[in-house]
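Notes for the structure review
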Amino acid sequence: MKTSKMVNKVPMQAIKWVAAGSLMIALTACGFRLRGDFSLPASIKTIQISNSGHNTSLKRTLEKRLKLYKLTMLDKNTTENPADLSITLLPDELDRRLLSLFSTGQVAEYELVYSVKYLIQFAGHVSQTVSFTVTREYQDDPDAVLAKSRELDLVLGEMRQQAADRIIRQISTYYANVQTVPAQ
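Bear in mind the structure is a predicted one, so any value in this text is a computation, not a measurement.

Topic: the overall build of the protein chain
A count of helical and extended segments in the protein chain gives 3 helices and 6 strands. Of the regular secondary structure in the protein chain, the N- to C-terminal order runs α-β-α-β-β-β-β-β-α. Here the protein chain holds 184 residues, and 28% of them are scored as buried. Residue pairs at least 24 apart in sequence account for 68% of intrachain contacts in the protein chain once pairs closer than 6 positions are excluded.

Comments concerning helix α2 (residues 56-66)
Among all positions in α2, only Leu58, Thr61, Leu62 and Leu66 are buried. Projection of α2 onto a plane perpendicular to its axis shows the buried side chains occupying an angular sector of 130°, all on one side. In α2, the exposed residues that point more than 90 degrees away from the buried face are Arg60 and Lys64.

Points about unusual backbone geometry
Its identity is not glycine, yet lysine 70 carries a phi of approximately 55°, on the positive side. Among the secondary structure elements, lysine 70 is positioned in the loop between α2 and β2 (72-74).

Points about the pairing of strand β4 (residues 93-101)
Bridge count between β4 and strand β5 (residues 107-122): 8 bridges; the pairing is antiparallel. Bridging from a neighbouring strand, leucine 94 pairs with tyrosine 114 of β5. Hairpin connection from β4 to β5: 5 residues lie between these consecutive antiparallel strands, with glycine 105 at a positive phi of about 95°.

Points about the confidence of the model for the protein chain
With 79% of its residues at a pLDDT of at least 70, the protein chain reaches an overall mean of 80. Averaged pLDDT values for the elements of the protein chain fall to 73 in helix α1 (residues 2-29) and rise to 91 in strand β6 (residues 128-139).

Section: the pattern of salt bridges
Overall, the coordinates contain 4 salt bridges when judged by the stated rule. Among the ionic pairs, lysine 59 bridges to glutamate 63, the shortest N-O distance being 3.9 Å. Of this pair, lysine 59 and glutamate 63 both sit in helix α2, separated by 4 residues, roughly a single helical turn. Between arginine 97 and glutamate 111 there is a salt bridge, with its nearest N and O atoms 3.1 Å apart. With arginine 97 in strand β4 and glutamate 111 in strand β5, this residue pair connects regions lying 14 residues apart in the sequence.

Conventions adopted
Residues numbered from 1 in each chain as written. Predicted model: local features only at pLDDT ≥ 70, side-chain atom pairs only at ≥ 80, totals over all residues. Heavy atoms only, no water. Helix = DSSP H or I, 4+ residues; strand = E, 2+ residues; numbered from the N terminus. Buried < 20%, exposed > 50% of the residue type's maximum accessible area, 1.4 Å probe, protein only. Contact = heavy atoms within 4.5 Å. Arc of directions from axis to C-beta. Pairing = 2+ DSSP bridges. pLDDT = per-residue confidence, 0-100. Salt bridge = Lys/Arg side-chain N within 4 Å of Asp/Glu carboxyl O.

Here it is, written out as structure tokens:
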């Protein structure tokens, strides 16, 4: 009796392993990636990031994120070898939209809208202007002004990180588009 139970368990475990392996292969084949796992084209080795002076926080965040890809960051004044990729950050904007009020008439909740605009240029190609927005909801509390201002700073930092990650993801998209257009 024990041997028949043991024989039935082995095929069931094998079926589970085969099903799990098949699922992993199918997910990989369709291009599925874990969140935050994006890669840059292998031909991009050097990058130059410049800004208009207003959005130095976004520039620092983007540079920090790009260091993970082991790219060589070129200085703005470097002229000996042009960068494979050049990003120019244009002035960013943060707007607040009123979402709700307390019964006293004070603001209870905002929607923060962080607008980012930048130029992206691959070596030997025309630059493209790209813009997008990152939105978050923010609850205000007039009784805890100091704590809420610290929370707002943290939320803005997270929004900048999200914007930097989005720029990195868009690099691959624009690189694919550039490869279909002849260099100038």
